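Residue-level structural notes
Given next are the chains, with one letter for each unit.
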Amino acid sequence: AKMAQSLEDPTSVPALDDLVYQQKTIRFRILSGTVIGSQKYSETHVHSKGGGGSIGPNGGYVSAPTIYSTSHTRHELWLKDEGGHEYPFDLSGKNIPLREGQHVSLIFGRRADKNVEQLVELLNHNSNQRWELLSASEFLKKIGLGYFTRLDKFIAIFLYFFTVTAVSIAKQSGIESKAITNLSQFAWLGVPSIVYLVICARLAAPSLKEIQKKIDGLLNRLVGMALEERGQLLKMEQVSSAPPALP
């Protein structure tokens, strides 16, 4: 995760609304609360690679495997919202400093036809920091949207098998040509599919950049809403904790 710019003024961001890309609706939501637990711990995994050999009547050889280890930092976050509900989150692989008692807002995004949410941004209201956990392009990939639609992928697969079938029929029919000979090579059979996908990617590039800009704008709007809500909450807390006015 990387820390982005300072938290923005809510009046400078566009209006909130659902987004639509490739005929799929994209929705975001905010969850705000207080950190009641933030624990980081390291996990180490030992792996082996290679090794083995063979031994026969005339001797043989045995090679030792290569042993190596990998470490992974786990970060477990517990959040308690204003209603008293507690939620656990896994921030593994993200270097985000948090401590108990801090007020944070989490921004989630998902496809409307899917129930799996992606944690996109984290706002720390106490330290005034905004953390980008997924960029717009990474978020789109996570929810299965990008340059190619499902139909594009289906057509590309169809073109590949159509090319294989056509070349096979041509060879069985005794048709001999340089083109058929070249296409009969496995590496060339996928050329029509690749060309089709390249064309799709070039056509989709402008709309993909546009939806990424809209996502960034919508995230800024959500950040503004979280700040505005937190500011109102702080004001309410200050009023409720103030001493009673003298008569």
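Up top is the structure.
All of the points below concern the structure found in this document.

Basis of the calculations
Residues numbered from 1 in each chain as written. Predicted model: local features only at pLDDT ≥ 70, side-chain atom pairs only at ≥ 80, totals over all residues. Heavy atoms only, no water. Helix = DSSP H or I, 4+ residues; strand = E, 2+ residues; numbered from the N terminus. Buried < 20%, exposed > 50% of the residue type's maximum accessible area, 1.4 Å probe, protein only. Contact = heavy atoms within 4.5 Å. Areas by Shrake-Rupley, 256 points an atom, 1.4 Å probe, with all protein chains shown as cover. Salt bridge = Lys/Arg side-chain N within 4 Å of Asp/Glu carboxyl O. Polar contact = N/O pair within 3.5 Å; in protein donor to acceptor, adjacent residues only side chain to side chain. Core = buried A, V, L, I, M, F, W, Y, C linked by side-chain atoms within 4.5 Å. Patch = residues over 30% accessible without salt bridge, like charges linked within 9 Å, V, L, I, M, F, W, Y side chains within 5 Å. Pairing = 2+ DSSP bridges. Phe/Tyr/Trp six-rings, centres within 6.5 Å; stacked < 30°, edge-to-face > 60°.

Attention now moves to the overall build of the protein chain. A tally of regular secondary structure across the protein chain gives five helices and ten strands. Classification of the 247 residues of the protein chain by burial places 30% in the buried group. In the protein chain, the proportion of contacts linking residues at least 24 apart, taken out of those at least 6 apart, comes to 65%. Summing over all exposed atoms, the protein chain offers an accessible surface of approximately 16000 Å²; the carbon and sulfur share of this is 56%.

Quick look at the pattern of salt bridges now. Pairing between side chains becomes possible if they bear opposite charge and their charged atoms approach one another. A complete count under the given rule lists five salt bridges for this structure. Salt-bridge contacts for Arg-27 lead to Asp-18; the nearest nitrogen and oxygen are separated by 3.0 Å. Look at Asp-18 and you get partly exposed, because its relative accessible area is 36%. Residue Glu-117 is joined to Arg-29 by a salt bridge in which the shortest nitrogen-to-oxygen separation is 2.6 Å. One end of the pair, Glu-117, is in the loop between β8 (103–111) and β9 (118–124); the other, Arg-29, is in strand β3 (residues 24–49), and 88 residues separate them in sequence. Among the ionic contacts, a cluster of salt bridges with common partners joins Lys-24, Arg-111 and Asp-113.

By secondary structure assignment, the location of Arg-130 is in strand β10 (residues 129–132). On the basis of relative accessibility, which here comes to 4%, the residue Arg-130 falls in the buried class. Reaching out from Arg-130, the side chain makes a polar contact with the side chain of Glu-121 at a distance of 2.6 Å.

A few words on unusual backbone geometry. At Gln-22, a position not held by glycine, the phi torsion is positive, near 55°. Phi at Gln-23 takes a positive value of approximately 65°, unusual for a residue other than glycine.

Now for the nonpolar core. The tendency in soluble globular proteins is for nonpolar side chains to be buried as a group. Formed by 21 residues in total, the largest nonpolar core has its most connected members in Ile-26, Phe-28, Phe-139, Leu-140 and Ile-215. Secondary-structure elements contributing two or more residues to this core are β2 (19–21), β3, β9, α1 (136–142) and α5 (191–241). Broken down by element, the residue count for this core peaks at eight residues, all from α5. Ignoring sequence-local partners within four residues, the contact set of Ile-26 consists of Asp-18, Leu-19, Tyr-21, Arg-110, Phe-139, Leu-140, Ile-143 and Leu-145.

Okay, a nonpolar patch on the surface next. Taken together, Phe-154, Phe-158 and Phe-162 make up a surface patch of nonpolar side chains, about 370 Å² in accessible area. Here Phe-162 shows up in helix α2 (residues 150–172).

This next bit is on the pairing of β10. With four bridges connecting them, β9 and β10 associate as antiparallel partners. Residue Leu-123 lies in a different strand from β10, and its bridge partner there is Arg-130. Following β9, the chain reverses through four residues before pairing antiparallel with β10; Asn-128 in that reversal takes a positive phi of roughly 55°.

Take the environment of Val-191 next. Counting through the fold element by element, Val-191 comes out in helix α5. Sequence separation between Val-191 and Leu-159 is 32 residues; the distance between their C-alpha atoms is 9.3 Å.

Think of a pair of aromatic rings as described by two things: how far the centres are apart, and how the planes are tilted against each other in angle. Under the criterion given, the structure shown has two aromatic pairs. Arranged with centres 5.3 Å apart and planes meeting at 40°, the rings of Phe-28 and Phe-139 form a pair that is tilted. Of this pair, Phe-28 sits in strand β3 while Phe-139 sits in helix α1, and the two are 111 residues apart along the sequence. There is no split in this pair, since Phe-28 and Phe-139 are both buried. On the basis of an interplanar angle of 35° and a centroid distance of 5.6 Å, the ring pair of Phe-89 and Phe-108 is categorised as tilted. With Phe-89 in strand β7 (residues 86–90) and Phe-108 in strand β8, this residue pair connects regions lying 19 residues apart in the sequence.

Bringing the side chain of Gln-118 into the picture now. Its place among the elements puts Gln-118 in strand β9. Non-local contacts of Gln-118, meaning those with residues more than four positions away in its chain, are made with Ile-107, Phe-108, Gly-109, Leu-134, Phe-139, Lys-142 and Ile-143.

The buried count for β8 comes to eight of nine residues, which makes it a mostly enclosed element. Hairpin remark: β8 followed by β9, antiparallel, with six residues in the connecting loop.

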